[in-house]
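# Examination of the molecular architecture
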Amino acid sequence: MTSGAEIVAAIALGATAAVVGRAYQYGLMAGGRRGVVRAMEILSREIEATMNLLGVSSVGELNRSHVKFR
């Protein structure tokens, strides 16, 4: 996963976990431990923003209807 929106979509489709290795690696390469912390903060904000746009306040409210397939 590379964005908070992708994580939200995965959860809405039934995932119980998501791998964010690339975001973690980018943060690590860019700034060591502080970079990883920053990457996780960004992902957290993206998840929160996506859920706000969907009108849900918890991951338990997410379901397939929140994902639009192209």
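Up top you'll find the structure we're talking about.
Residues numbered from 1 in each chain as written. Predicted model: local features only at pLDDT ≥ 70, side-chain atom pairs only at ≥ 80, totals over all residues. Heavy atoms only, no water.

## Side note on the nonpolar core
In this structure, Val-8, Ala-12, Met-51, Val-56, Leu-62 and Val-67 together form the largest nonpolar core, which totals six residues. Not counting residues up to four positions away in its chain, the partners in contact with Val-67 are Ala-9, Ala-12 and Leu-13. (Core = buried A, V, L, I, M, F, W, Y, C linked by side-chain atoms within 4.5 Å. Buried < 20%, exposed > 50% of the residue type's maximum accessible area, 1.4 Å probe, protein only. Contact = heavy atoms within 4.5 Å.)

## Observations concerning helix α1 (residues 4-12)
For α1, every residue scored as buried is listed here: Gly-4, Ile-7, Val-8, Ala-10 and Ala-12. Next to the buried residues of α1 lie α2 (21-54). One or two positions beyond α1, positive phi appears at Gly-14, with a value near 110°. (Helix = DSSP H or I, 4+ residues; strand = E, 2+ residues; numbered from the N terminus.)

## Section: the environment of Arg-22
Residue position: Arg-22 is located in helix α2. Given a relative accessible area of 47%, Arg-22 falls into the partly exposed group. Taking the C-alpha atoms as reference points, Arg-22 and Ala-39, 17 residues apart in sequence, are found 9.9 Å from one another.

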